[in-house]
Number of protein chains: 2
Amino acid sequence: MTKQRLSKKFWNPYLNKLSPYTPGEQPTMSNYIKLNTNENPLGPSTHVKNAILKVLKTNGTELRLYPEPESQSLKKVISQHYKVNNNQIFVGNGSDEVLAFCFQALLANRGNLAIPEITYSFYPSLAKLFAININLIKLSNDFSFNLNNLNSNVSSVLFANPNATTGISLNKIQIQQFLTKNPQILVIVDEAYVDFGAQSCISLIKKYKNILITRTFSKSRGLAGMRLGFAVGNHDLIHALNLVKNSFNTYPVDKLASAAGIASLKDKKWFDSNKQKIIRNREFLTRKLKTIGFEVLPSQANFILASHLKVSGTKIFSELKKNKIIVRHFNNPKIKNWVRISIGTKVQCEKLLKVLKSFII
Amino acid sequence: MTKQRLSKKFWNPYLNKLSPYTPGEQPTMSNYIKLNTNENPLGPSTHVKNAILKVLKTNGTELRLYPEPESQSLKKVISQHYKVNNNQIFVGNGSDEVLAFCFQALLANRGNLAIPEITYSFYPSLAKLFAININLIKLSNDFSFNLNNLNSNVSSVLFANPNATTGISLNKIQIQQFLTKNPQILVIVDEAYVDFGAQSCISLIKKYKNILITRTFSKSRGLAGMRLGFAVGNHDLIHALNLVKNSFNTYPVDKLASAAGIASLKDKKWFDSNKQKIIRNREFLTRKLKTIGFEVLPSQANFILASHLKVSGTKIFSELKKNKIIVRHFNNPKIKNWVRISIGTKVQCEKLLKVLKSFII
């Protein structure tokens, strides 16, 4: 990028107020061990490749046609998989886009939104974009939060479960109690990491009209490169998302992403085995880190948040990077002494431990 | 969809004002001749398939990683192809998404937007979404429009060139004169169809800071199924688009779409040949339609707008559909007697003519 001064002559003046999200870096060199963006270390089901090849038969001619505007084929498979109706599903270009549509359709112009003090840092970027006021839910010393600690002037709540950055999750029953007590509050649960051990709230959408769940294919299904996510909720919430989507971008899900999603959902055997491997590696890494002086939060995600008694988060981050291992370090003062480590393969976990020991012990 | 009444309890109240876009239908039966959404009849370069297969080698494991957030690799190839700088390019999920970001970043909160009376009907949907007031530019009897006929209270102008629905284009010199005379007005030119014979304005971005051009891979590159589009303009306009994109959806372009775009741009031989075939078919179809009593607008796009002296647009549309040929018919009173026909293969054009003759002559 050149360092020319920007002319804002044709800018929407509101752009000056934005605080765009900064994603974890994507190094172009492949000799890095990349444990910074919670990608799946093992890659997707091999059925995905086969499904894409099938679309590409006859020289890719099929790509000349627009995809299904409403992603009906993918919705059908999602609805069977999660035992919900077609009109209770919304599909988008990654759960980031699905969340963006949620902000525009269900959170904007509806009062204050509560989010945990520490969570996915994309939420505040979206809130700025749609001029939504945020109330932060305080975390306890153990980094958990309690939904009963909300301010009274809140119209909506959004959190990741397990929570982003910490990996700590709420139980379904805690969420259900909140829904029952607060029928006037819309609750959006971002279940990006739920498959690694937490309880999903999808079944609650049948009883409660004040809950919407977002999901991604990027983590437990190893398809971050394909951009695919969805939301599940009562049909009137889904209808609102469709209204915005069809006013913004009619076909966000391309033909290959749709085929990839369908193939992934149908390969239950791969899914269960992949998930178990990551959970095992997480437990292995957590145990080993504790033996060398780390505090590790109890994670139900495919990452852990860890802090060392004697070495700062900044130092751990930079020493690892020197050794070609990238983890995530956040500027947030509350977690500046922590690093977030995505769960890699067993070999990657062992390499990480070896490098950590080289400068910690 | 169930016919249940919608509860709008959790809706952004503004949603009631939206007018979502209705895309042309995508029939699921493959025995239709589909001439309704201006897709490329011949499909993309075969290099596209090979590029996707390359990403998928080693069982698609590469898909586990997020794509480049700023689509650097694709931008590099676009910049070489169009002789512009990297920071003069913005890439998105189809030109629809690119246009949506333009509306949010450069048109919203900036006064009135002028669009032609007849044009891509997605623009008014976007304008509603971002609460932008529209001024319509009147079309002449020959369906052309003159930029000098704008109201004086306009801050921005947006049109497709060639124009959507009509296929008629403005010359680059007409646009350049407008840019020179009106440095306070931002001009967005949607060049979705420009490759089929009109003049591109991309070279003007070096001299003029008040023009932004949007492009798609869906038409002349036969990649509608992949969702890929881009914008070219001065870097301060592009910066505004990035601010919104990074507040809305960090990675809209997936790994396979990026690879497809790069491969397509590199295959100049295929591109030129494909374009020439479609132009030849357009001229053939136009000539033949005129011999059976059609008026056909002078199109420089991959579609034509045609009207018959004796048979109504509605009847032509429905008779063709009975015969498994789908064209597009619009409710707009000004063109209700016209049908828009995408240019298909020579065989499809001949089939269309045969069916038309069966009920017209």
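See the structure above.
A few points on the structure.

Rules behind the numbers
- Positions within a chain are numbered from 1, following the residues in the order the chain's sequence is written.
- Both sets of labels track the order of writing: A upward for chains, 1 upward for ligands.
- Only residues with pLDDT of at least 70 get local features here, since the model is predicted, and only at 80 or more are side-chain atom pairs given and counted; chain-wide, interface and lining totals rely on the full set of residues.
- Hydrogens are left out, water is left out, and the side-chain values use all remaining heavy atoms of the structure.
- A contact between two residues is defined here by any heavy atoms of the two lying within 4.5 Å.
- Any Lys or Arg side-chain nitrogen found within 4 Å of a carboxyl oxygen on Asp or Glu counts as a salt bridge.
- Here a polar contact is recorded for every N or O atom pair within 3.5 Å, except that within protein the pair must consist of a potential hydrogen donor and a potential acceptor, and residues adjacent in sequence are included only if both atoms are side-chain atoms.
- The secondary structure listing takes helices from DSSP runs of H or I that are at least 4 residues long and strands from runs of E that are at least 2 residues long, numbered from the N terminus.
- Each residue is assigned to one of three classes by its accessible area relative to the maximum for its type, calculated with a 1.4 Å probe on protein chains only: buried under 20%, partly exposed between the two thresholds, exposed over 50%.
- Copies are brought into register by a least-squares superposition over C-alpha atoms of residues with pLDDT of at least 70 in both.
- Any Phe, Tyr or Trp ring, taking Trp's six-membered ring, that has another such ring centre within 6.5 Å forms a pair; planes under 30 degrees apart are called stacked, those over 60 apart edge-to-face, and the others tilted.
- In our convention, an over-ring charge means Lys NZ or Arg CZ found within 6 Å of a ring centre and within 35 degrees of that ring's normal.
- Here a helix's expected span is defined as the number of its residues, less one, multiplied by 1.5 Å.
- Strands qualify as paired when DSSP identifies two bridges or more between them.
- The axes are straight lines fitted to the C-alpha atoms, using for helices just the contacting stretch, and the angles between their N-to-C directions are given from 0 to 180°.

Details of the interface of chain A and chain B
As a measure of interface size, the accessible area lost when the parts come together is often cited. The partner chain B presents 92 residues to the 93 residues of chain A that form the contact. Counting across the chain A and chain B interface gives zero salt bridges. Connecting chain A to chain B are 36 residue pairs in polar contact (both at pLDDT 80 or more). In terms of residues, the side of chain A that touches chain B owes the most to one element, helix α6 (residues 235-248) of chain A, which gives ten residues.

Some remarks on the side chain of A:Ser218
Tracing the sequence through the fold places A:Ser218 in the loop between β7 (211-216) and β8 (229-233). Classification of A:Ser218 by relative accessible area gives buried; the value is 2%. Within the structure, the side chain of A:Ser218 is placed 3.4 Å from the side chain of A:Arg227, a separation counted as a polar contact. Non-local contacts of A:Ser218, meaning those with residues more than four positions away in its chain, are made with A:Asn40, A:Leu223, A:Ala224, A:Arg227, A:Leu228 and B:Tyr66.

Some points on the relation of the copies chain A and chain B
Mapping chain A onto chain B calls for a screw motion: a turn of 180 degrees about the axis and a shift of 0.0 Å along it, with 0.0 Å RMSD after fitting. Here the copies are linked by what is in effect a two-fold axis. Both copies contact each other with a shared surface, as 99% of the interface residues of chain A are interface residues in chain B too.

Describing the packing of aromatic side chains
Geometrically, a pair of aromatic rings is defined through the distance of the ring centres and the angle of the planes. Applying the stated criterion across every chain yields a total of 29 aromatic pairs over all chains. Aromatic pair A:Phe90 and A:Phe101: ring centres 5.7 Å apart, planes at 85 degrees, arrangement edge-to-face. Of this pair, A:Phe90 sits in strand β2 (residues 89-92) while A:Phe101 sits in helix α3 (residues 94-107), and the two are eleven residues apart along the sequence. The class for A:Phe101 is buried, based on a relative accessible area of 0%. Geometrically, the ring pair formed by A:Phe248 and B:Phe130 is edge-to-face, given 6.4 Å between the ring centres and 65 degrees between the ring planes. Here B:Phe130 lies in the loop between α4 (122-129) and β4 (134-137) and A:Phe248 lies in helix α6, a pairing that spans two chains. Exposure class is identical for A:Phe248 and B:Phe130. Each is buried. Here the guanidinium or amino end of A:Lys346 rests over the ring plane of A:Phe284, the centre of that ring lying 4.6 Å away.

As for helix α8 (residues 268-291) of chain A
Residues and elements named next belong to chain A. Taking 1.5 Å of rise per residue, 24 residues should cover 34 Å, and α8 covers 35 Å from first to last C-alpha, within 8% of that figure. All of the buried residues in α8 are Trp-270, Phe-271, Asn-274, Lys-275, Ile-278, Ile-279, Asn-281, Arg-282, Phe-284, Leu-285, Thr-286 and Leu-289. Check the buried side of α8 and you find it contacts β9 (294-296), β10 (303-308), β12 (338-342) and α10 (346-360).

Considerations on the pattern of salt bridges
Taken as a whole and judged by the stated rule, the model has 20 salt bridges over all chains. A salt bridge links A:Lys138 to A:Glu117, with the nearest nitrogen and oxygen atoms 3.8 Å apart. Remark: A:Glu117 occurs in the loop between β3 (112-116) and α4 (122-129) and A:Lys138 occurs in the loop between β4 (134-137) and β5 (154-160); sequence separation between them is 21 residues. Note on A:Lys138: relative accessible area 58%, which makes it exposed. B:Glu62 serves as the salt-bridge partner of B:Lys255, at 2.9 Å between the closest nitrogen and oxygen. With B:Lys255 in helix α7 (residues 255-266) and B:Glu62 in the loop between α1 (46-56) and α2 (72-82), the pair connects residues that are 193 residues apart, well separated along the chain. B:Lys255 gets classed as buried once you look at its relative accessible area, which sits at 16%. Among the charged side chains, a salt-bridge network with shared partners connects A:Glu117, A:Lys138 and A:Lys334.

Comments concerning the sheet that holds strand β10 (residues 303-308) of chain B
All names here are of chain B. As summarised here, the arrangement of the three strands in space is β9-β10-β12, forming an open sheet in which the pairing is antiparallel. The sheet terminates laterally at β9 (294-296) and β12 (338-342), the two strands that pair on one side only. Taking each pair of neighbouring strands and ignoring which way they run, the sheet shows an average axis angle of 35 degrees. Relative to β12, β10 runs antiparallel, the two being bridged by five bridges. Counterpart to Ile-304 in the pairing with β12 is Ile-341.

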